[in-house]
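Structural description and commentary
Each chain is listed here by its residues.
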Amino acid sequence: MQADWAELLKSEFEKPYFKKLQSFIADERKLFTIYPQHEDVFKAFELTSYADTRVVILGQDPYHGVNQAHGLCFSVQNDVAIPPSLKNIFKELQSDLDFTPNTKIAEHGNLEHWAQQGVLMLNTTLTVRAGEAGSHQGLGWETFTDQVIRIVNDKSHPVVFVLWGAFARKKKLLINTDKHHIVESAHPSPLSAHNGFVGSRPFTKINDALVKASFEPINWRTS
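Residues numbered from 1 in each chain as written. Predicted model: local features only at pLDDT ≥ 70, side-chain atom pairs only at ≥ 80, totals over all residues. Heavy atoms only, no water.

- Going by the annotation in an unreviewed UniProt entry, the name recorded for the protein chain is uracil-DNA glycosylase, with freshwater metagenome given as the source organism.
- One UniProt comment on the protein chain, placed under Catalytic activity (unreviewed entry), says "Hydrolyzes single-stranded DNA or mismatched double-stranded DNA and polynucleotides, releasing free uracil."
- Reading the Sequence similarities (unreviewed entry) entry of the UniProt record for the protein chain gives the comment "Belongs to the uracil-DNA glycosylase (UDG) superfamily. UNG family." (UniProt positions renumbered as here; feature names shortened; annotations may be inferred.)

1. What about the packing of aromatic side chains?
- Following the criterion strictly, the structure yields 19 aromatic pairs and no others.
- Ring centres 6.4 Å apart and planes at 70° place the aromatic pair Phe 13 and Phe 42 in the edge-to-face group. Residue Phe 13 is located in helix 1 (residues 3-13), and its partner Phe 42 is located in the loop between strand 1 (34-35) and helix 3 (43-47); the two are separated by 29 residues in the primary sequence.
- In this structure Phe 13 comes out as partly exposed when scored by relative accessible area, which is 23%.
- With relative accessibility at 21%, the residue Phe 42 sits in the partly exposed group.
- Over the ring of Phe 32 we find Arg 129; its NZ or CZ atom is 3.8 Å from the centre of that ring.
- Across from the ring centre of Tyr 50, 4.1 Å away, lies the NZ or CZ of Lys 155, which sits over that ring. (Phe/Tyr/Trp six-rings, centres within 6.5 Å; stacked < 30°, edge-to-face > 60°. Helix = DSSP H or I, 4+ residues; strand = E, 2+ residues; numbered from the N terminus. Buried < 20%, exposed > 50% of the residue type's maximum accessible area, 1.4 Å probe, protein only. Lys NZ or Arg CZ within 6 Å of the ring centre and 35° of its normal.)

2. Here's the deal with the sheet that holds strand 3 (residues 119-123)
- Read from one edge to the other, the open sheet built from 4 strands follows the order 3-2-5-6, with strand pairing classed as parallel. Looking at strand neighbours, the two that pair on one side only are strand 3 and strand 6 (181-185), the edges of this open sheet. Here the strands of the sheet are splayed against their neighbours by 20° on average, with no regard to which way each runs.
- Where helix 6 (residues 141-153) meets the sheet, it contacts strand 2 (55-59), strand 3 and strand 5 (160-164), and its direction lies at approximately 155° from that of strand 3. (Pairing = 2+ DSSP bridges. Axes fitted to C-alpha atoms, helices over the stretch in contact; angles between N-to-C directions. Contact = heavy atoms within 4.5 Å.)

3. Observations concerning the pairing of strand 5
- Most of strand 5 is tucked away, with 5 of its 5 residues classed as buried.
- Burial along strand 5 is two-sided: Val 160, Val 162 and Trp 164 and Phe 161 and Leu 163, pointing in opposite directions, are all buried.
- Examined bridge by bridge, strand 2 and strand 5 share 4 bridges and lie parallel to one another. In the strand pairing of strand 5, Val 56 is matched with Phe 161.

Shown next, in the form of structure tokens:
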């Protein structure tokens, strides 16, 4: 975790709910396979400092498939097949930014390149049992990540919050929409992408908001 995040979150780490959560996860790891690996749980805060955060993409659970999750929402490790939601994100990226059909947007699903440019790739729950979606929801992670959203909301400069799907859009209540910019739509999952995600041009909207705030646009290519 970057030093500025560690300082901003140190009081949260000392709260009883967080200590209870960490004890629970330690016990879970003795009995089950838990994703992501211990060293990757706070990867989003390692790759994107608080100071550099200018975009927040909000996910829900880590992927629960074998070796998929590595601490960034929607992202998978390099040698893992690209999941359906991320495939739809890449399809929208191709359409949104008018890349030609033969342009290779991504050879893998690892989104660390985005994180390194100031995009905080935040899941609201940071761990999950293998093969059991939602298994670590409601245990305290949401309290922690809600506080992360509040801390980002307190930044003096505008931040772009990307809220895909009904769950993420509920977090708008934590965001000062007079100061910050919201990009929202349906979730990119195959179950909902055609209800408003496809054709929503989120990447253009994010970059336009960044330029308006006097920031450099994000280079959304991953390869």
